[in-house]
Every structure is written in structure tokens, then in C-alpha cells.
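# Architecture at a glance
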Amino acid sequence: MTTATPPVKEPKNYLNAEHGLRSWLLTQDHKRIAILYLIAVSAFFVVGGLMAVLIRLELATPAGDLMDSNTYNKVFTMHGVIMIFFFLIPSIPAILGNFLLPLMIGAKDLAFPRINLISWYVYMLGGTFGVIVLLSGGVDTGWTFYTPFSSSYSNGYVVLTALAAFINGFSSILTGLNFIVTVHRMRAPGLTWFRLPLFVWAHYSTSVIMILGTPVIAVTLFLLMLERGLHIGFFDPAYGGDPVLFQHLFWFYSHPAVYIMILPSMGVISEVISTFSSKKPFGYTFIAFSSVAIAVFGFLVWGHHLYVSSQSAYAGMVFSILSYIVAIPSAIKVFNWAATMYKGSVRLEAPMLYAIGFIGLFTVGGLTGLFLAAMGLDVHLTDTYFVIAHFHYVMVGGAIMGYQAGIHFWWPKIVGRMYPRAWATVAAILTFVGFNLTFFPQFILGYLGMPRRYHVYPPEFQVFNVLSSAGASVLGLGYLIPAIYLIWSIKNGEPAGANPWGATGLEWQTSSPPPTENFEVTPVVTTEAYDYTALTLTTQEVTHVG
Amino acid sequence: MAAHEEHHVVPKSVYFAVFTALIVLTWVTAWISTKDLGSSSLNVAVALSIAVFKASLVVLFFMHVKYGTKLTKMIVGIGIVWLLMLLFIVMIDFWTRTWMGVAGR
Amino acid sequence: MASHTAVATKAAAHSHPGYGELRHHFESHEQQKDSATIGMWVFLLTELMFFGGLFLAYFIYRQWYPEAFASASNKTDLWLGAFNTTVLICSSLTMALAVHAASKGKRILLVGFLVATLLLGGAFLGVKAYEYHDKWVHHEIPGDHFECEGCHDEVHTPLFFALYFGMTGLHASHMIIGFGVLLVLIWQAWSGKFTEKWYTPIEMFGLYWHFVDIVWIFLFPLLYLIDRTGRSLL
Amino acid sequence: MLEAKSFELFPEAASSIAGHVDAFYAFMVLVSAFFSLLIAFLVVYFAYKYRHRPGENIVYAPYDDHSLSAMLLEVVWTAIPLGLSMIMFVWGISIYFTEARPPVDSMEIFVTGKQWMWKIQHMEGAREINELHIPVNRNVKLTMTSEDVIHDFFIPAFRTKADVLPGRYTTEWFRATKVGSYHIFCAEYCGTKHSGMIGTVTVMTESAYNTWLGAGGGEGSMAEQGQALFNQLGCGNCHASIVNNQNGRCPNLVGLFGSTVELKDGKQVKADASYIRESVLYPQSKIVAGFDDYMPTFKGLITEDGMLKLIEYIRSLGAKNGVINQATPLPVQTADPAKAAISKPGVALPLPGSGGVAR
Ligand code: HEA
Ligand code: HEA
Ligand code: CUA
Ligand SMILES: [Cu+2]
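Keep in mind it's a predicted model, so treat the numbers as computed, not measured.

Calculation rules
- Residues numbered from 1 in each chain as written.
- Chains lettered and ligands numbered in written order.
- Predicted model: local features only at pLDDT ≥ 70, side-chain atom pairs only at ≥ 80, totals over all residues.
- Heavy atoms only, no water.
- Helix = DSSP H or I, 4+ residues; strand = E, 2+ residues; numbered from the N terminus.
- Rg over C-alpha atoms; globule rule 2.2 N^0.38 Å.
- Contact = heavy atoms within 4.5 Å.
- Areas by Shrake-Rupley, 256 points an atom, 1.4 Å probe, with all protein chains shown as cover.
- Lys, Arg positive; Asp, Glu negative; His and termini not counted.
- Charge placed at Lys NZ, Arg CZ, Asp CG, Glu CD.
- Axes fitted to C-alpha atoms, helices over the stretch in contact; angles between N-to-C directions.
- Parallel < 35°, antiparallel > 145°, perpendicular 65-115°, else oblique.
- Left-handed = near helix turned anticlockwise from the far one by under 90°.
- Nonpolar A, V, L, I, M, F, W, Y, C, P; charged D, E, K, R; others polar.
- Buried area = accessible area lost by both parts, 1.4 Å probe.
- Salt bridge = Lys/Arg side-chain N within 4 Å of Asp/Glu carboxyl O.
- Near = heavy atom within 4 Å.
- Polar contact = N/O pair within 3.5 Å; in protein donor to acceptor, adjacent residues only side chain to side chain.
- Domains from an automatic or database assignment.
- Donors = N, O, S within 2.8 Å, 3.2 Å for Na, K, Ca; no water.
- Buried < 20%, exposed > 50% of the residue type's maximum accessible area, 1.4 Å probe, protein only.

## What about the overall build of chain B?
- For chain B, the helix and strand inventory stands at three helices and zero strands.
- In sequence order, the secondary structure elements of chain B are arranged as α-α-α.
- For chain B, whose C-alpha radius of gyration is 20 Å, the value lies well above the compact-globule estimate of 13 Å for 105 residues.
- Referenced to the eigenvectors of the C-alpha coordinate spread, the extents of chain B come out at roughly 60 × 45 × 10 Å.
- The long-range share in chain B, meaning contacts at least 24 apart out of those at least 6 apart in sequence, stands at 56%.
- For chain B, the exposed surface amounts to about 5300 Å²; the carbon and sulfur share of it is 73%.
- Positive and negative side-chain charges of chain B, numbering 8 and 4 respectively, have mean locations separated by a distance of 3 Å.

Printed below as a string of C-alpha cells:
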């Protein structure tokens, strides 16, 4: 495709269809709502990231020299709360999912566009409360809000923080509800369940978790607010309550929630690996069903967070074996992705680099999850930096890598322009290196016994902490660079064309950026997903092929 | 789109029958709770069985699930299974806490 | 993958009278209706899990403190509870009949049944308010000023009342929301917005109302009917 | 050892269980390294081998992923991880159950967590803060509780930890195998000074430990202190008279510990530490068969360490029904109060306001 030098008039698309703030804030177009989410979620990522920077700065030395203990505790609490509730859970579903789900299934919009917009406002309301807490001094319970510390000892902002997460939960529920109905009822003619892209399967499974798990955390936080605010006891032993019950209720949601974070990412990876290998994903049905299996079995393992909490050892056994069972579908996915590349035609574009990074880092993160699922080993490892390393590997190395892969993959579709691909390669490599430098040392620290949520620590742990802090600055750079070139590309990038990567999904068949109605005519699907042979494009037409 | 079955209109007589059953059962359960059935667990079992039965009537007839699509039935089923999962799996912990005879294990 | 064959399904749809507005992104009224129904059921699913957390807490503490629960439960008024259950079931019936009337396109009957539902719902809330007031007067509100005359286990009875207020309060708040929605529906029904071909909001609200009824069907035995025989009471 | 080494990959292994945990850990590291390297190798190798060269046409290779060989692959890579993970599961629980069940011959030590310190009581009466002295090669069982929020008693060198909760007792045990001193960390977030809630466990030879014990104390054994408390709180007004002669209004506490108690509602409970604690704090929740419920609550009147002493005292009153008192107190060390005043670290300190009666 030639780069048009004279400013041709852009065809009508969802971005230029209407102008003005009003047209954005009252929009019911899923694509515009996705953009609203993109802006808000990114803002929270920067805030959460700055908290991480503070943590790593403080931990560079064993003494508490940058801030006092109270501040440090508030910083990691807000880091956790923001990153989990306000960044990672909405990230892929609310941005990429929102944007792509209707496009991928050939629909004009989600089933309930108004509810979609409401969910964004609900998210913003929750976020506002979060910001109020942050500005008024913060809360220091840890993102897990364990009682009775949160309900009887910590400061009163617990109520507001819990309220923020509570409200935010409803945004998540509304999104999940919308996705489920959309997948059931809005598919284009001919698009049967087993012709759906794997991204859609992943989002469907995610939505199931959202609607079944989120209400439980909501009611838990509601009870916590009552206990903290009105001294109505539910969990504090002083009232005859059981603090371990709080932990059960909390993790009944929060363990499945980790799959809310990873499943969408896995969906992205399935798309990216397939596209850049120009090959149908190996074991389509296995990957699809493993998403559903993860969603279902993911609900049965929460007690692996409670091995030392005075939960019964027998319950622990049940949770332990189920934790291993739920790991198997993840293993299936990893092997199938690797097999997809076999005899493909592999192009190492930026999204693919991120995807390969994802596979490696998620594997390490997932495997270290197996250490923690083993009861005898978790006794030593729980609440140490080993856990911190485990979950940053799966969440940052896994989920965020997948998010970056997705953003780089669909960016040309979203804004209609290509980013500088050399810079993207540099950023991907920096992120990978910086990430490992930051979090690998934490595994060692954890086995050595350094507890998490420690403001000051014994000096013998310093070496690994310094490594980790150094890594974090490289990692920060890895996030900064894309932020710059992606924004730059909105105005200055080369026009991307409808299908720059030679991908198969329906979303690539409409123009970039797509028109408000998504498709000129409702597409009719006649073939399996990922049928590259049916792709009529020739190599020359695929602009950005290696 | 798949063909959709014609919307089913439940005859009024069904509503009245269900309603009568619900009212009768309400007063039966209240009355029986004041009677000693021999063990308190029996009282609980009776009260809960009646409640489950009443709820099923409402779901099946007032909420039309009996005449609904497979999908609706599936959603209702999932709801019940998930609720029981939450209740029972947590109970595994509470029921077995004293088994080992070691405090806190 | 997908051939660009045009499908003109929607063309005629807009002109169907009596089906209500077809939102732009749907292909047919049927699809729109189905979406609403599935959406409502999925929503009720989340509601069920929402109450589930409270039920769980209830079951655990009842097992732990049976005496405290028994003596505290005896503080509730059994016959008032049974009466209120009856009121709620009546309102469920009128709601079901309202949906029925709507499906037959009988406007006045529809409005009548909706109003009846509203009144019965109001009666239920009134009785509930009376009961709350009674608890208030007797200081049976958990918190710093809790008192419970004749309760033996002073430490754990508040737990029962915490659950009592938590569960019935959440239930009542659902009733109040329903009350508000009903007002709007009555007005819409009166002004003839619904037809026998299109009364989705009435139907969806019916599902919601029946669900709220079901929750109460369980709350009644769990909160009011513990050990009324006085067997294990001291 | 506590002396800071700046670069280590493995923590000191100083308990009987540590070797097992380390072996299991090594196995896990090997399995993980194998799979991580395998996957990394595959993706990198495929990316290189099947790379698309500029200018070449992309070959879209259709293939059948439902062929027999493809299915076989799926089965293999499902079965192998499943098999391996079952090994992990069984190995994991076998270690856990060893960690969870204290041997019968364990000596008992009591731990109370409090924002932000550890209070430790030895049966013989010695008390310490943020320090724990134990003899080498003896099974030690900690009975732990908290006065406020949840804490966690973590000794990395022993590879064990357990949460310490308010309102209930939890247990942790270990057998130290190396003389030396090691970190104690609080591993459950408990507020501002969570990271300051640390201490040292000092493992000593048996004889050094006995000497150390003799130097501490000052207020008699835990049971003796418990008896004093029993009298001070007026438990004796009801219960003491019965210790000697039964008056029928209150249950006899002699021989209570470890026995099975009939309750008024027909249920039975084992009279363990938690039961006694509950009887004192929430007397109304479990009423002994044949008695009335007029015992007042002592909630708010007794500290958690005081409670532990009371329990020790009641335990010392003996067990009935042939149930043997697991941890018979060692011969009571009546210590020299003069020595106790020397508050060098590691020697039991007289704790301020820790008589057991809450202010
Ligand atoms: C995206 C988020 C995410 C994901 C996907 C996971 C995935 C897993 N997690 Fe993780 N986890 C967290 C986020 C996540 N976790 C967080 C946030 C916490 C801490 C919260 C807190 O306390 O603050 C945590 C804590 C945590 C604990 C509690 C630790 C403790 O506090 O003591 C445990 C224990 O079992 C655990 C286990 C697992 C397991 C078994 C998986 C499995 O699903 C992993 C499956 C993947 C694989 C196994 C890799 C691929 C497989 C192969 C390459 C084949 C080889 C496989 C075999 C041999 C089986 N996690
Ligand atoms: C999605 C979730 C998520 C994400 C993305 C991250 C990202 C990071 N986290 Fe996160 N972390 C959690 C979730 C997450 N974390 C949770 C749940 C906890 C537990 C909290 C608790 O215990 O309650 C935790 C706890 C936690 C701890 C332990 C604190 C303690 O226990 O005392 C540490 C310590 O190193 C840490 C570090 C980091 C770092 C270095 C990053 C980096 O990846 C961040 C990189 C991002 C940036 C650097 C900002 C963006 C970049 C720019 C704006 C450019 C400009 C900046 C520079 C050039 C520096 N985190
Ligand atoms: Cu005590 Cu942390
Ligand atoms: Cu988990």
C-alpha cells in the first residue's frame, strides 16, 4: 500500500464520526467506550506504577530511609489495590474486549450499549473514591483487607477503599453480563460456537468468572464496611466472628479473579501466535475448552491462599489437589501455542515478540505457582517474596505482556495507523530484560525467607533487592517508550490499511479505524476460524510482512 | 438466528394453584416450627425442605422456567450449583477443623 | 473467511407496529427480546451469589452458636413474619398476573395488577419497618449499645442480629428499588407504552420481583423459625 | 546463622524438617527448569527455523489438528504434567502433615503476638520478648495466640510458620538441629511496625538451656503463676471450694483437662485449651450438663498471656479418665528474683504489666 502524501479526506470512521467532548462522554459506541477505558485505565497504571517505583526505591536499602513505615504500608496497599482492581482486571476485557468482541463476531455493538457506557461511569465513580483515599492519606491494610486488622485496627479510610472496590466490582459485573449476552445472541449468521476466535472464548470464560465471583467480593466488602463503620461484627473474634471466614469469602472471588486477569491475555496470545505464524492454532478445541475449564475449576481452589491461616489441613488437601488440576489446562495452552509455531511462517513483529515473552514468563510464573500449591512448601514460602515474584511473573510477565501484545497487534485497527516498528522491538526486548532482572531475584529472596510487606529488612537481603530495584528502572523504560511512540503514531504514523498483519479475524475485514456501524454489511461466515487459505490477500498486499 | 419457540402463556389457573400451595406451605412451616419433632435437626430439615419446594414453585411457574429455553434452565442450574459450591466447600474447612486434634490445623 | 454477502434482515423490522423500538444494533425484535431475557437471568445469577455470601456466614455462625441463635431468633415475631411472607407471596401472584395481563394486551388490568403489587410491596415494607422499630426500641441493634433481654449468650447474640439486619436489610433495599421501578412501570403502562407484542420491561421486572420473593422464602425459616419449641432454650 | 552474609542462595537449614523441604524444593526447581527451558527452546527454535524471510511468499499450510498424531500429542502433554503434579501434591501434603502434627513428647512453649512484639512464656516460668531460647534436638511445640490482629510466627531456618490469630490457639512445632541463632519474622501483615516485629531464636545445648532457664523466671512456673491469677480473679470463690469438696454448684476443675465434657444440650466436647479459654471468656456459650449458667464472663479482665497461665494451672490439676497430660511440666524451677533483674538480652525479663490481669 502506498503512503498517501497529499492529505486525502479520511473515510468516515468511529473516530471522526462526531466531534466534541459530549460525543465521547455520552457515546454508546463500544469502540469509543473502549477508548474511554483505555485512557482511564492507563492513568491508573501510571499511578500504580509510580507506587511501585516508590516501593523499589525504598527497598534499595535495608533501612527505612525514604519514608516511614506507615507511608510504606500505604504505598504498597495502594499499589496492589490500584493495579488489581483499577488496572489489570478492567485492562484487556474493558479495552480490547470491548473494542473487538462485536467486531470479531460481526455485530454492530454489544447487546447493551447503554449498560456498557454505565459500566464505564461506575468504574470512574469507584476510581474517584480510590483517588480520594489516595489523596487523603491512604489506607494501610494491604490489598487483601484481612480482618480484624482492617475492621478494627486500621484507619477509617478502609470503608472508603472498600467502597471503591465494591463499586468497581459492579462495573466488572456489567461488562461480564454484556459480553455473555453478546456472545450468545449477537453472532453473525454462520458464526457457530466452534468458529469463534479463541479471543472470544477467552472473554466468554472471563465473563463467567466476573458474574459469578464478583458479587461475592461485593457482599464481603459490604460486610467489612458495616463492621468497620458501624461496629456490627461479622469477622472480628471480639464479636464472636471468624477472621478466616473473611479470608474464604475474599479468596472465593480473588482467586478466580487472577484468571480474570490471565484469560483475556491468553486469548490475545492465541490470536497473535496464530497470525504471526500464519497458521491455524494447534488444538483449537483444546485451547477453547481449556479456557472454560480454567473458569470453572478456578472457582474450586481459593483455599490455597489459606494453608497457614488455621484452615483445616483436610480442607487444605482438597484445595491443593484442585490447584494442580486447574494448572493442567494452562499447560495445555502453553504446549499448543508452541506447537502452533511449528512449521509456521514466523514473523517476529513486536506483537509476536511480546507473545513469545508471555509464553516464557507465564510458564515460569505458572510453574512457581505449583511450588505454592504444594502445602508443605507453601508453609515456608507463603507471605515471602517468593509469592511476590510468582504473581508478578504471571500478572506482569504474563497478563501485561499479553496486554502489550494485544495493544501492539490491534493498535493499527484502533487508530488506523502504524507505530514505528523498530522502536516497538526495542521496547519489547527492554521490557523482557527489565522484567526478569526485577522479579527473578525475588524468588531467591523468598526462599531465603524475606517476608513480604516489609518496610525494613535484615541487611543480608540487600544484594538481591538492589538487583530488583535496578531491574525495575529498566522495566519502567520498557513501559515509557511505547507510551511515547503509540501516542506519537496517532497523528504521525503511516496509515495501516485494513489488514496490515495478514490476519483472519472478521475485525480485519472492515476498514481501520472501523466505521461506527462496524461493517458496511453484516458479514456471513462460511468457514472455520483461522482459515488462512481463504485469505485472499497476497504477500504484496500484506503491508507489514517482515 | 435460530428459530425461537413461540412465547408460552401460562394459564391463570396454574398461577392460582401455585399461589394456594405457597400460602398453605407458609402457614404449615410456621405452625410446624412450634411443634417438637423430636430433634431440632428434624425441624430444620422440614423448614428448609418446605422453603426449597416453595422456591422451586416460584422459579418454575411464576418465573416460567418450566416453559423456558434450555439456556435459561442452564443459567438457573449454574446458579444453584455455584451457590452450593460456595456454601459446601467453605464448610469442608469448618467441619474438619477439629479432626486432627491440633489447635489451628 | 467470511464472504461479504449482504444480508438484509433488518429492512422490514423497523416498520413492525407494536413491537416497540428496535435498537439500531439488533437485527430483529426476537434477538432484542432474547438478549433482555438472558441478560436478566444472568443478572439474577449475580444477585444470587451476592446473597450467597450472607447465607454462608449465617450457616457457619448458626452452627457455632446454636443457643445464641435460638434465643435471639425467638425475639422475632413468628406470626408477623408469617403474615409478611403471605403478603409477599400475594404480591408475587399479582405480579405474575400483571405479566399475564400484559401478554393479553389488557391495559387496565395490567395497571391494576401492578398497583396491587405496589401496594402489597408497600405493606411488606411497612411491616418490616414496624419490626425494625421494635428492635430499635429494645436495643436489639448490634453495635455499641446492644442489649438483649433474656438472651443468655450476650456475646454472640449480636451476631444473629447482625445477620438479621444484614440479610433483611439487603432484601428490603431490593424491595425499595423494585418499588421505584414499579412506579415508573405503572406510569408507562398507564400511558399505553406496552402492547401484547412488546412488554419486555414488565416481564423482566416480574423476574426480578419473584427473585426477591424467593430470597424471602428462605429468610423466613432461617431467621424466624429457629427452635420455636423452646426445647434447647434455657 | 544470624551473622549477615551478603550473598546466599539458600537459607540455613537448622531443623529436622528443613532437609525435607529443601529436597522437595530442589525437585520442584528441577521440574520447573526442565519445562521452562523446554518451552523456551521450542519457541526460540521454531521462531528461527520457520522464520519468514523477506520477499518470500507466506505458505499457509493447512493441516489437520484432529489427526491421530495430534490427538496423541494432546494426550501426552496433558498426562505428563498431570502425573508430575500428582507427585507434587502427595509430596507436599506428606511434608505438611509432618509439620502439622507435633510429636507427643514435645516440650511446650507459649507465644502471644501483639502489635508489634512476640511474648514468649516457658512452662517453667521464664518469659522473654522477641527472643526464643530452645534446646537443640528437642521437639518443641508452640501454642500461640494473639491479643489483637493476625500475626504469623515464621522461622525461615526451620522452614516453618503458622498464623497467630486472636481468639483462638494455633500450633507450630519444630526440632532444631543446629546450635545458633536465627531470625524470627512476623509473616502476616499486622500494621505499621509489621517489619519490626522480628526476633531471634537461640538454639542452645541442653545444658546451656537448663542453665538459662534457671537464670530466668522469678515468678514461679506458669502453673504457679496461673494459680495466683486464679485466686486473684476470684475463680476460687466458686471453683476452689470444690477442688477440695464438691458443693455441687460449680464443676470440679480437677482432672478436667483433656477429659470429655457433657454439655447441657447433650453434645460432648473435649476439654482442651480452646474449650477452657471459651469457658472463661464466653461461659454462656457452652454450659456443662447439670450446672446453671451463672458463671460471669471474664472477657476483658484477663490478658492472653494470663489466659495461657490459667490454662496451664488447670492442666496442672491433672487429668482424669486415664487421659495422660501430654506435656507434664518439668520440675518447677523456682528462680532467684535477684538474677531475673539482670536484663541482658536472651534472659527472661519481667514484663511490664504482664501479671495476666488486664488493666
Ligand atoms: C494472573 C494471575 C495469576 C495466575 C494466572 C496464577 C496462577 C496460579 N497460581 Fe497464583 N497468585 C496470584 C496470581 C496468579 N496466580 C496472586 C496475585 C497471588 C497472591 C495474592 C496475594 O497474596 O497478595 C497468587 C498466589 C498464589 C498462591 C498462594 C501463595 C501464598 O500466599 O501462600 C498459590 C498457591 O497455591 C498460587 C498458585 C497458583 C497456581 C497453581 C497457578 C496455576 O494456574 C498456574 C498454571 C500454569 C502453569 C503450570 C505453567 C504452564 C505449564 C507448563 C509449561 C507445563 C508443565 C506443567 C506441569 C508440570 C504441571 N498462587
Ligand atoms: C497488575 C498488578 C501489578 C503490577 C502491574 C505490578 C507492577 C509492579 N510491582 Fe507490584 N504488586 C501487586 C500487583 C502488581 N504490581 C500486588 C497485588 C502487590 C501486593 C500488594 C500487597 O501486598 O497488598 C504488589 C506488591 C509489590 C511489591 C512488594 C511490596 C511489599 O510486599 O512490601 C513489590 C516490590 O518490589 C512490587 C513491585 C512492582 C514493580 C517493580 C512493578 C513494575 O512492573 C511496575 C512498572 C511500572 C512503572 C515503572 C510505571 C509506568 C512507567 C512510567 C510511568 C514511566 C516512567 C517511570 C520510570 C522511567 C521509572 N509490587
Ligand atoms: Cu505481626 Cu506482622
Ligand atoms: Cu490463588
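Now that the structure is up, let's keep going.
## Let's talk about the packing of helix α11 (residues 350-373) of chain A against helix α1 (residues 18-49) of chain D
- Two elements in contact, α11 of chain A and α1 of chain D, have axes whose closest approach is 10 Å; the angle formed by their N-to-C orientations is 165°. On the basis of their axis angle, the class for α11 of chain A and α1 of chain D is roughly antiparallel. Crossing of α11 of chain A against α1 of chain D: the hand is right-handed. Contacts from Ile356, Ile359, Thr363, Val364, Leu367, Leu370 and Phe371 of chain A in α11 of chain A reach Tyr25, Met28, Val29, Ser32, Phe35, Ser36, Ile39, Val43 and Ala47 of chain D in α1 of chain D.
- Of the residues belonging to the contact of α11 of chain A with α1 of chain D, the class tally is 13 nonpolar, three polar and no charged.

## A look at the interface of chain A and chain D
- Across the boundary between the two partners, chain A contributes 94 residues, which contact 88 residues of chain D.
- Per-residue buried area on chain A facing chain D is highest for Phe335, Tyr447 and Glu460 of chain A; these three make up 9% of the total on that side.
- Summed over the shared surface of chain A and chain D, the result is one salt bridge.
- Between aspartate 242 of chain A and arginine 168 of chain D there is a salt bridge whose closest N-O contact spans 2.6 Å.
- For the side of chain A that touches chain D, the element with the highest residue contribution is helix α10 (residues 313-341) of chain A, accounting for 16 residues.

## Let's talk about the site of ligand 2
Residues and elements named next belong to chain A.
- The local shell around ligand 2 holds 34 residues, among which Arg56, Tyr72, His79, His392 and Arg453 are the closest.
- Here histidine 79 contributes a side-chain N or O atom positioned 2.8 Å from a nitrogen atom of ligand 2.
- Tyrosine 385 is positioned such that a nitrogen or oxygen atom in its side chain is 3.4 Å from an oxygen atom of ligand 2.
- When its residues are assigned to classes, the shell around ligand 2 shows 23 nonpolar, eight polar and three charged.

## Looking at the domain arrangement of chain B
All names here are of chain B.
- In terms of domains, chain B is made up of domain 1 (1-68) and domain 2 (69-105).
- Using only C-alpha atoms to locate each centre, domain 1 and domain 2 end up separated by 23 Å.
- Both faces combined, the contact of domain 1 with domain 2 buries some 380 Å², and carbon together with sulfur accounts for 70% of it.
- The interface formed by domain 1 and domain 2 holds zero salt bridges in total.
- Taken together, the links from domain 1 to domain 2 amount to zero residue pairs in polar contact (both at pLDDT 80 or more).
- In the side of domain 1 that touches domain 2, the residues fall into three nonpolar, two polar and two charged.

## Some details on the coordination of the iron atom of ligand 1
Residue and element names in this part refer to chain A.
- Of the protein atoms, His390 (NE2) alone serves as a donor to the iron atom of ligand 1, at 2.2 Å.
- Between the two metal centres, the iron atom of ligand 1 and the copper ion (ligand 4), the spacing is 4.5 Å.
- Looking at the secondary structure, you find histidine 390 in helix α13 (residues 385-415).

## A word on the pattern of salt bridges
- If you walk through the whole model with that rule in mind, you get 19 salt bridges over all chains.
- Put simply, aspartate 29 of chain A and lysine 31 of chain A hold a salt bridge, and the shortest N to O gap is 3.0 Å. In this structure, aspartate 29 of chain A and lysine 31 of chain A share a single accessibility class: buried.
- As a salt-bridge pair, aspartate 242 of chain A and arginine 97 of chain B come within 3.1 Å of each other at their nearest N and O atoms. Note that aspartate 242 of chain A is positioned in the loop between α7 (198-230) and α8 (243-277) and arginine 97 of chain B in the segment after α3 (70-96), a pairing that runs across two chains.
- Aspartate 242 of chain A gets classed as buried once you look at its relative accessible area, which sits at 0%.

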